[in-house]
Amino acid sequence: MKEKKENTKVLYIRDVPQAVIDKLDNIVKAKGLESRNQLALEIITKYAEYEDAFFYQSLPPIVKEICAQTITDYKKDISAVNEIATKNISLAALQLLNVTQWFEEYIMLDTAPQTQNELHSLIEEIEKKYTDNQS
């Protein structure tokens with residue numbers, strides 16, 4: 001029996017179907033490993049390192065590269081969209097601020113008495129046109 005390495009634990013896997021063991025044995029031979037244990041340790045280690053991305057690691061190299069590039073492209077696209085959306089929202093906020101300032105200048109009765117008279121005249125003119133059109 002081999003000596004236990006430092007900072008390691010023993011892990012037993014029960015009830016493994018024979019078909020799976022046969023496949024593991026074939027992989028061990030193909031990879032030139034010494035034992036099923038080495039393969040199991042490699043699989044468990046990769047799974048623990050990559051968590052949910054373990055499936056990604058099992059893909060063929062060309063597919064992995066396509067996936068990685070697609071994800072990178074999507075991240076760039078999303079960043080660009082976020083940047084454009086942020087700029088558009090900022091512009092809209094500035095426009096609303098300008099409109100608000102305009103309203104404050106022309107509608108505040110206490111701060112613009114001359115404009116108040118002009119505004120009343122304009123409102124009366126619009127009301128007159130509206131009532132004339134209704135007749």
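As a reminder, the structure under discussion sits directly above these lines.
Quick look at the structure, then.

Thresholds, definitions, all that
- The numbers attached to residues start from 1 for each chain and follow its sequence in the written order.
- Totals for whole chains, interfaces and linings use every residue, but because this is a predicted model, local features are given only for residues with pLDDT of at least 70 and side-chain atom pairs only at 80 or more, for both listing and counting.
- Derived side-chain values reflect all non-hydrogen atoms in the structure, with water molecules and hydrogen atoms excluded from consideration.
- Numbering goes from the N terminus for both helices and strands, where a helix is a DSSP run of H or I of at least four residues and a strand is a run of E of at least two.
- Relative accessibility thresholds used throughout: buried, under 20% of the residue-type maximum; exposed, over 50%; partly exposed, between the two (1.4 Å probe, protein chains only).
- Using a 1.4 Å probe, the Shrake-Rupley method yields the accessible areas, and only the shown protein chains count as cover for residues.
- Excluding any residue in a salt bridge, patches collect residues exceeding 30% relative accessible area, merging like charges within 9 Å and nonpolar Val, Leu, Ile, Met, Phe, Trp and Tyr side chains within 5 Å.
- Salt-bridge detection follows one rule: a side-chain nitrogen of Lys or Arg within 4 Å of a carboxyl oxygen of Asp or Glu.

### A short note on the overall build of the chain
Right, on to step 1. Helix and strand counts for the chain come out as five helices and zero strands.
Right, on to step 2. Going from N to C terminus, the chain has its helices and strands arranged as α-α-α-α-α.
Right, on to step 3. Across the 135 residues in the chain, those meeting the buried criterion constitute 4%.
Right, on to step 4. As displayed, the chain offers around 12,600 Å² of accessible surface, 58% of which is attributable to carbon and sulfur atoms.

### Considerations on a nonpolar patch on the surface
Right, on to step 1. On the surface, Leu11, Ile13, Val16, Val20 and Ile44 cluster together into a nonpolar patch covering about 430 Å² of accessible area.
Right, on to step 2. Take Val16: it is sitting in the segment before helix 1 (18–31).

### Points about the pattern of salt bridges
Right, on to step 1. Taken as a whole, this structure holds three salt bridges when the rule is applied.
Right, on to step 2. Between Arg36 and Asp25 there is a salt bridge whose closest N-O contact spans 2.6 Å. Of the two residues, Arg36 sits in helix 2 (residues 36–50) while Asp25 sits in helix 1, which places them 11 residues apart along the sequence.
Right, on to step 3. Judged by its relative accessible area of 41%, Arg36 falls in the partly exposed class.
Right, on to step 4. For Asp25, a relative accessible area of 24% corresponds to the partly exposed category.

### Remarks on unusual backbone geometry
Right, on to step 1. Although it is not a glycine, Asp15 sits at a positive phi angle of roughly 60°.
Right, on to step 2. Structurally, Asp15 can be placed in the segment before helix 1.
Right, on to step 3. Classification of Asp15 as exposed rests on a relative accessible area of 76%.

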